[in-house]
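Secondary and tertiary structure notes
Letter by letter, the chains look like this.
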Amino acid sequence: MEHLLAALRAVAEPTRLRLVVLCARGELTVSELTQILGQSQPRVSRHLKLLCEAGLLDRFREGSWVFYRLRQSSPAGALTRQLVAACIDQSREMLAVARVNLERAGLENGLVRLGDMYRLALADASFDAVVIHQVLHYADRPAAVIAEAARVLRSGGILVLVDFAPHSLEFLRDEHAHRRLGFADSEVAEWCGAAGLDPAPAHHLAGDPLTVVIWTAQRHAAARLRTAGDVRTEIPDAVFERELR
Ligand SMILES: C[S@@+](CC[C@H](N)C(=O)[O-])C[C@H]1O[C@@H](n2cnc3c(N)ncnc32)[C@H](O)[C@@H]1O
């Protein structure tokens, strides 16, 4: 009871709740967290100290860097997992994490953009490669996501799709908002084919209980693809909007 109340008090503040969600995504330093949240370092440090004292985060040193991460085994662990899985919009946080990772890797030409995978604000045939990494299992219409990726690929461009093979971990639906419990090679191949892509044999990275699969497919050189524009002209706009929502 004591621990739970301390944990609840600690996260009952917007910045601290965001810090918990961010640290659940990876190990981050104070300066990275400061950069992501756009707040001063002393302020972020004060919040981090409180979260550590409440047993929600761990602080650990590696060389001259100090990292913060979610405490793995603590009485408040179940609460933290629920908070992280709750309907908190994480996409902006994920983009901020991606920016930090790009910077860490020195990839200065990398740009990060917020967008909807069903309707990318990107021109037709404008990319050499599209990677959809551990995102498709959130989709209620995976075939539409693949078709939209195909739309922005140039002729000969490659789609790389990384997700899970079929599994039966139902808790991923309840606790992590997964909609699909993995994908069969045959259905991915079918969706790729329908989108004008030639699927290559899949690579299975066997794991227990989750097997990760890497599917690749190449956009036909000559095929005339259905583009988002085609769909819009075939279906009245209002219906299209409803479909997308
Ligand atoms: C498990 S994360 C993977 C993030 C990243 N691809 C990676 O591998 O680190 C799943 C991501 O899917 C994103 N996502 C879910 N639905 C989406 C949608 N309709 N459009 C764009 N992104 C979406 C979430 O915002 C989240 O960042």
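1. Let's talk about unusual backbone geometry
- For the bond running from Asp-208 to Pro-209, omega is 10°, close enough to zero to count as cis.
- The backbone of Ala-125 sits at a positive phi, close to 45°, despite the residue not being glycine.
- Position of Ala-125 relative to the elements: it lies in the loop between α6 (91-104) and β4 (127-133).
- Residue class for Ala-125 comes out partly exposed when judged on the 15 C-beta atoms lying within 10 Å of it.
- A positive phi angle, close to 55°, is found at Gln-134, a residue other than glycine.

2. What to know about the environment of Leu-159
- Structurally, the position occupied by Leu-159 is in strand β5 (residues 153-164).
- Judged by local crowding, Leu-159 falls into the buried class, with 24 C-beta atoms found within 10 Å.

3. Some thoughts on the sheet that holds strand β3 (residues 65-70)
- The strand order β1-β3-β2 describes an open sheet built from three strands, whose pairing is antiparallel. Edge positions in the sheet fall to β1 (28-29) and β2 (57-62), since each has one partner strand and no second.
- Packed onto the sheet, helix α2 (residues 14-25) meets β1, β2 and β3 and runs at close to 100° relative to β3.

4. Structural notes on the pairing of β4
- In this structure, β4 lies alongside β5, joined through six bridges in parallel fashion. Residue pairing for β5: Ala-129 is matched across the bridge by Ile-158.
- Crossover connection from β4 via helix α7 (residues 142-152) to parallel β5: handedness right-handed.

5. What about the packing of α2 against helix α3 (residues 30-37)?
- Close contact between α2 and α3 brings their axes to 11 Å; oriented N to C, the two are set at 120°. Our classification of the angle between α2 and α3 gives oblique. For the crossing formed where α2 meets α3, the hand is right-handed. Where α2 approaches α3, its residues Thr-15, Arg-18, Leu-19 and Leu-22 are matched on the opposing element by Leu-33, Ile-36 and Leu-37.
- For the contact of α2 with α3, the per-class residue count stands at five nonpolar, one polar and one charged.

6. Here's the deal with the packing of α3 against helix α4 (residues 41-53)
- The contact between α3 and α4 brings their axes to 9 Å, and the two run at 110°. Judged by the angle between their axes, α3 and α4 are roughly perpendicular. In this structure, α3 meets α4 at a crossing whose hand is right-handed. Of the residues in α4, those in contact with Val-30, Ser-31, Leu-33, Thr-34 and Leu-37 of α3 are Gln-41, Val-44, Ser-45 and Leu-48.

7. Thoughts on the nonpolar core
- Leu-19, Val-20, Leu-22, Cys-23, Leu-51, Leu-56 and Leu-57 are the most contacted members of the largest nonpolar core, which has 22 residues in total.
- Secondary structure elements with two or more residues in this core: α1 (2-11), α2, α3, α4, β3 and α6.
- Examining the composition of this core, we find that five residues originate from one element, α2, more than from any other.
- Residues within four places of Leu-22 in sequence aside, it is in contact with Leu-28, Leu-33, Ile-36, Glu-93 and Val-97.
- Grouped together as the second largest cluster of nonpolar side chains are 20 residues, Ala-147, Trp-191, Leu-197 and Ala-217 included.

Scoring rules and cut-offs
Residues numbered from 1 in each chain as written. Predicted model: local features only at pLDDT ≥ 70, side-chain atom pairs only at ≥ 80, totals over all residues. Helix = DSSP H or I, 4+ residues; strand = E, 2+ residues; numbered from the N terminus. Buried ≥ 20, exposed ≤ 12 C-beta atoms within 10 Å, placed from the backbone. Pairing = 2+ DSSP bridges. Contact = placed C-beta atoms within 7 Å. Axes fitted to C-alpha atoms, helices over the stretch in contact; angles between N-to-C directions. Right-handed = clockwise from strand over helix to strand, strands pointing away. Parallel < 35°, antiparallel > 145°, perpendicular 65-115°, else oblique. Left-handed = near helix turned anticlockwise from the far one by under 90°. Nonpolar A, V, L, I, M, F, W, Y, C, P; charged D, E, K, R; others polar. Core = buried A, V, L, I, M, F, W, Y, C linked by C-beta atoms within 7 Å.

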